[in-house]
Amino acid sequence: MSGVLRTELRRGTAPVAAVATLVLGALLLHAEASQWGGRWMAFATAVRFSTLVLAPVAVALGVWQGGRERRRRLGELLASTPRPRWQPLVVAWASLTLGCWLGLLVVVAAGAVLVAPVATYAGGGWWWLLAVALVALAAATAGGLALGRVAPFWVAAPVAMIGLYALQVYAHDTFGPRGLRWLVPILAVYDAWGHHLSGWIHLRQAIWFGGVAAAALVLTAARRRWLAILPAAVAVVGAAPFLSGAPGHGWQPDPVATELVCTEDEPQVCLPRDEAFLLDQVTPAAREALRRFEGVPGGPTRALGSTFAPLPGAEPYLDIRIAGRVTITGELSPDAQWPFVHWWPDLVCDSPDAYDRYLWLLDAAAHWASEEPAAEWWVPEMRDEYAALLAMPLAEQKAWIGELIAAAGDCDRAALDQLAERLR
């Protein structure tokens, strides 16, 4: 049997599977590089996101492999040999799965070489995401082989590929059942920023995908097909908690990944631990933005990255947003089209209409803070009022911003109206 497996690995579908997985996986991860550069959890999640394409391709290759025997009329030849009925199927499945795994592992190794030198946080159990991806590909090839044995037609492969792709998209659609998304292998990369998944989720997904793979193989190869009930029951055990809506199935903030790492000197600039590799690159721009507020009463005195951890102190701060702005080598992207340091005055009002009424004032203040030109969506009146703000002497501009901060913090509508009138 080992000799047959080696032959399949050299001359069967396995080499095609390895090349297809390698090329497509590399292209997909490169396209998402700005989302995962320098971060292990985001990188592992990007690998899982690549199964949006890799799993359908594995299914299509499995269908083609499964139908090859009947297309080439090898059934009678195989039946005349003394080998058990399950051996040819298991060999075909093992070779195809190993080919997919080899291609994916090469992609993972290349990505790890890029992440390892710069990453500042390696926890969170990100490696389990990769392990489940391998099990999911094994389930895809097994399902494809089973379908190929039932429908040995060339059109079955592209239909199966498109069908699984559409199912994964539907599972992650906001209109689909919430638990269904955990029964497909893909995960969204932006969910992984500063978060992690419970080990129970990884285990249940592995049980689900493993049960599906075993059920498909037993149903296809065993003479007593009722034996497939056992692996199918295992798959149901893994899937039931997701579909039942049991709590705890989702991304949770990682308290270590979101812990702030700060500069030792002032003004203070901080980033979450999983983004701290960018601290030296971010600090000069953040401090330049803070200098804009020198002399502004109540203005921000520090710059912090987005975090779920408790903030040190109660001083106002600028918001650093670098998600999606990292190169594949873990550096800050030099071609960002908008500033990564943001500020927005807090409007402390209970009435929702207050926000709509003073939105343009808050937006004008935010543009002033980042020294951005007028927004394209602003009406001419808003552009004129923003121009009036910029036309003031710098000291008066800062005084106006300070008064806006105080009025917004107290929800003083009379003061806010007066500030608006001064720009007209």
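Rules used throughout
Residues numbered from 1 in each chain as written. Predicted model: local features only at pLDDT ≥ 70, side-chain atom pairs only at ≥ 80, totals over all residues. Heavy atoms only, no water. Helix = DSSP H or I, 4+ residues; strand = E, 2+ residues; numbered from the N terminus. Buried < 20%, exposed > 50% of the residue type's maximum accessible area, 1.4 Å probe, protein only. Contact = heavy atoms within 4.5 Å. Areas by Shrake-Rupley, 256 points an atom, 1.4 Å probe, with all protein chains shown as cover. Pairing = 2+ DSSP bridges. Axes fitted to C-alpha atoms, helices over the stretch in contact; angles between N-to-C directions. Disulfide = S-S within 2.5 Å. Polar contact = N/O pair within 3.5 Å; in protein donor to acceptor, adjacent residues only side chain to side chain. Parallel < 35°, antiparallel > 145°, perpendicular 65-115°, else oblique. Left-handed = near helix turned anticlockwise from the far one by under 90°. Nonpolar A, V, L, I, M, F, W, Y, C, P; charged D, E, K, R; others polar. Arc of directions from axis to C-beta. Core = buried A, V, L, I, M, F, W, Y, C linked by side-chain atoms within 4.5 Å. 1 Å grid on protein atoms, 1.4 Å probe; cavity = no way out; pocket = protein on both sides within 12 Å on 5 of 7 lines; lining within 4 Å. Points joined across faces, edges and corners; volume = space filled by probe spheres on them. Right-handed = clockwise from strand over helix to strand, strands pointing away.

A. How the structure looks around the overall build of the protein chain. Each helix and strand counted, the protein chain has 15 helices and 7 strands in total. When the 424 residues of the protein chain are sorted by exposure, 47% land in the buried category. Contacts in the protein chain between residues far apart in sequence, at least 24 positions, make up 69% of those at least 6 positions apart. For the protein chain, the exposed surface amounts to about 20,800 Å²; the carbon and sulfur share of it is 64%.

B. Up close: the sheet that holds strand β4 (residues 269–272). One open sheet holds the 5 strands; their spatial order is β3-β4-β5-β6-β7, and the pairing between them is mixed. This sheet does not close on itself; its edge strands, each paired only once, are β3 (260–262) and β7 (341–342). Relative to strand β6 (residues 317–320), strand β5 (residues 302–305) runs parallel, the two being bridged by 4 bridges. If you follow Leu304 over to β6, its bridge partner there is Asp319. Its contacts with the sheet put helix α11 (residues 279–291) on β3, β4, β5, β6 and β7, and the angle it makes with β4 is roughly 135°.

C. Focus on the state of the cysteines. If you walk through the whole model with that rule in mind, you get 2 disulfides. Covalently, Cys349 is tied to Cys411 through a disulfide, its sulfur atoms 1.8 Å apart. Since a negative S-S torsion denotes a left-handed disulfide, the Cys349-Cys411 link at about 110° is right-handed. Here Cys411 lies in the loop between α14 (394–410) and α15 (413–421) and Cys349 lies in the loop between β7 and α12 (352–370), a separation of 62 residues in the sequence. Look at Cys411 and you get partly exposed, because its relative accessible area is 21%.

D. Fine view of the environment of Thr307. Along the chain, the position of Thr307 falls in the loop between β5 and β6. Not counting the four nearest positions on each side in its chain, Thr307 is found in contact with Thr258, Leu260 and Pro272. Within the structure, the side chain of Thr307 is placed 2.3 Å from the backbone oxygen of Thr258, a separation counted as a polar contact.

E. Highlighting the packing of helix α7 (residues 126–150) against helix α9 (residues 199–221). Remark: α7 packs on α9, axes separated minimally by 8 Å, with the N-to-C direction vectors making an angle of 20°. Accordingly, the angle class assigned to the pair α7 and α9 is roughly parallel. You can see that α7 and α9 cross each other, and the crossing is left-handed. Two secondary-structure elements touch here, α7 through Trp128, Leu129, Val132, Val135, Ala136, Ala138, Ala139, Ala142, Gly143, Ala146 and Arg149 and α9 through His202, Gln205, Ala206, Phe209, Gly210, Val212, Ala213, Ala216, Leu217 and Thr220. Taken together, the residues of the contact of α7 with α9 sort by class into 15 nonpolar, 5 polar and 1 charged.

F. Representation of α15 within the structure. Within α15, burial applies to Leu416, Leu419 and Ala420. The arc that holds the buried residues of α15, viewed along the axis, is 100°, so those residues lie on one side. For α15, the exposed residues lying more than 90 degrees away from the buried face are Ala414 and Gln418. In this structure, the buried side of α15 is in contact with α12 and α14. For α15, the N-terminal capping position is held by Asp412, with its side-chain oxygen 3.3 Å away from the main-chain nitrogen of Ala414.

G. Up close: the nonpolar core. Membership of the largest hydrophobic core comes to 50 residues, with the highest contact counts inside it found for Trp36, Phe43 and Trp251. The leading source of residues in this core is helix α4 (residues 40–71), at 16 residues. Setting aside its immediate chain neighbours within four residues, Trp251 contacts Met41, Thr45, Leu129, Trp182, Leu187, Asp191, Ala192, His195, His196 and Leu197. In terms of nonpolar packing, the next biggest core, distinct from the first, is built from 47 residues, Leu278, Leu318, Ala354 and Leu361 among them.

H. Representation of the layout of surface pockets in the model. If you add up the space inside the largest pocket, you get close to 660 Å³. Around the largest pocket sit 31 residues that line it, and Tyr317, Leu318, His342, Trp343 and Trp344 are the ones nearest its centre. Elements supplying a minimum of two residues to the lining of the largest pocket: α11, β6, β7, α12 and α14. Element by element, the count of residues in the lining of the largest pocket is highest for α12, at 5 residues. Broken down by class, the residue content of the lining of the largest pocket amounts to 18 nonpolar, 5 polar and 8 charged.

I. Representation of unusual backbone geometry. The omega angle of the peptide bond from Glu266 to Pro267 is -5°, so this bond is cis rather than trans. Even without being a glycine, Cys411 presents a positive backbone phi close to 50°.

J. Structural context of the pairing of β5. Side chains Arg302 and Leu304 project from β5 onto one buried face, and the interleaved Ala303 and Gly305 project onto a second face that is buried too. Pairing between β4 and β5: 2 bridges, direction parallel. Pairing of Val269 across the sheet is with Ala303, part of β5. The parallel pair β4 and β5 is bridged by α11, and the resulting crossover is left-handed.

K. Quick peek at the packing of α9 against helix α10 (residues 229–243). At a minimum axis distance of 7 Å, the contact between α9 and α10 shows a crossing angle of 150°. With respect to their mutual orientation, α9 and α10 come out roughly antiparallel. Like other packed secondary-structure pairs, α9 and α10 cross with a definite hand, here left-handed. Residues Ile201, Arg204, Gln205, Ile207, Trp208, Gly211, Val212, Ala214, Ala215 and Val218 of α9 lie in contact with α10, whose contacting residues are Pro231, Ala232, Val234, Ala235, Gly238, Ala239, Pro241 and Phe242. Each residue belonging to the contact of α9 with α10 can be placed in one class, and the counts come to 14 nonpolar, 3 polar and 1 charged.

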